[in-house]
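Chain by chain, the residues run as shown.
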Amino acid sequence: MYVIVDIETTGGNKNTGRITEIAAIKHDGSKIVDTYETLINPGRPIPSFIQKLTGISDEMVKDAPTFAEIAGELDKFT
């Protein structure tokens, strides 16, 4: 059993970039067993370039949970 995780961020800078979306699939080697996906409120504006690239806007994440709020849930999934 393994989990593949994909994230979208506000940009590639390790000091200022924040996560805006997390998606994960749990796979048993033959098929997908479970999926997890949530938008994340990054706590800062998403640059327009990133909004165009990912399709994720400030409006979409304004009421989304923070990473801290979903960290335990994600940990449990993985």
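Above this text you will find the structure in question.
Quick caveat: nothing in here was measured; it's all calculated off a predicted structure.

### Looking at the overall build of the protein chain
Now for step 1: Looking only at helices and strands, the protein chain has three helices and three strands in total.
Now for step 2: When the helices and strands of the protein chain are read in sequence order from the N terminus, they spell out β-β-β-α-α-α.
Now for step 3: Counting only C-alpha atoms and orienting by the principal axes, one finds that the protein chain spans roughly 40 × 25 × 25 Å.
Now for step 4: In the protein chain, which comprises 78 residues, the share counted as buried stands at 27%.
Now for step 5: Put simply, 41% of the contacts in the protein chain that link residues at least 6 apart link residues at least 24 apart.

### Describing the pattern of salt bridges
Now for step 1: Applying the stated criterion to the full structure yields two salt bridges.
Now for step 2: Asp 28 serves as the salt-bridge partner of Lys 31, at 3.0 Å between the closest nitrogen and oxygen.
Now for step 3: Note on Asp 28: relative accessible area 29%, which makes it partly exposed.
Now for step 4: Lys 62 serves as the salt-bridge partner of Glu 59, at 3.3 Å between the closest nitrogen and oxygen.
Now for step 5: For Glu 59, a relative accessible area of 54% translates into the label exposed.
Now for step 6: We classify Lys 62 as partly exposed; its relative accessible area is 47%.

### Some remarks on the nonpolar core
Now for step 1: Ile 22, Ala 24, Tyr 36, Ile 40, Ile 70, Leu 74 and Phe 77 together form the largest nonpolar core, which totals seven residues.
Now for step 2: Secondary-structure elements contributing two or more residues to this core are strand 2 (19-27) and helix 3 (67-77).
Now for step 3: No other element matches helix 3, which puts three residues into this core.
Now for step 4: In this structure, Ile 40 is in contact with Ile 19, Thr 20, Glu 21, Ile 22, Val 61, Ala 64, Pro 65, Thr 66, Phe 67 and Ile 70, ignoring residues within four places of it in sequence.
Now for step 5: Core analysis: the next-biggest nonpolar cluster, separate from the first, contains five residues, Ile 46, Ile 50, Val 61 and Ala 64 among them.

### Structural notes on the packing of aromatic side chains
Now for step 1: Here the structure, examined in full by the defined rule, presents one aromatic pair.
Now for step 2: Plain terms: the ring middles of Tyr 36 and Phe 77 are 5.7 Å apart, the flat faces sit at 35° to each other, and that makes the pair tilted. Of this pair, Tyr 36 sits in strand 3 (residues 32-39) while Phe 77 sits in helix 3, and the two are 41 residues apart along the sequence.
Now for step 3: Given a relative accessible area of 10%, Tyr 36 falls into the buried group.
Now for step 4: We note Lys 26 situated over the ring of Phe 77; from NZ or CZ to the ring centre the distance is 4.5 Å.

Rules used in this analysis
- Along each chain, residues carry numbers from 1 onward, in the same order as the chain's sequence is written.
- Local features in this predicted model are restricted to residues whose pLDDT is 70 or higher, and side-chain atom pairs enter the listing and the counts only when it is 80 or higher, whereas totals over whole chains, interfaces and linings include all residues.
- Here the side-chain values reflect all heavy atoms present in the structure, with hydrogen atoms and water set aside.
- Starting at the N terminus, helices and strands are each numbered in turn, a helix being any DSSP run of H or I of at least four residues and a strand any DSSP run of E of at least two.
- Whether a residue is buried, partly exposed or exposed follows from its accessible area with a 1.4 Å probe, protein chains only, as a fraction of its type maximum: under 20%, in between, or over 50%, in that order.
- Residue contacts follow a heavy-atom distance rule, with two residues in contact if any of their heavy atoms lie within 4.5 Å.
- Note on definitions: salt bridges are taken to be side-chain nitrogens of Lys or Arg within 4 Å of carboxyl oxygens of Asp or Glu.
- Buried Ala, Val, Leu, Ile, Met, Phe, Trp, Tyr and Cys residues that are joined via side-chain atoms within 4.5 Å together make up what is termed a nonpolar core.
- Note on ring pairs: Phe, Tyr and Trp rings are taken, using the six-membered ring of Trp, and paired if centres are within 6.5 Å. Classes follow the plane angle, with under 30 degrees stacked, over 60 edge-to-face and the rest tilted.
- Lysine NZ or arginine CZ positioned within 6 Å of the ring centre and within 35 degrees of the ring normal marks a charge as sitting over the ring.

By themselves, these figures tell us nothing about what the structure is for.
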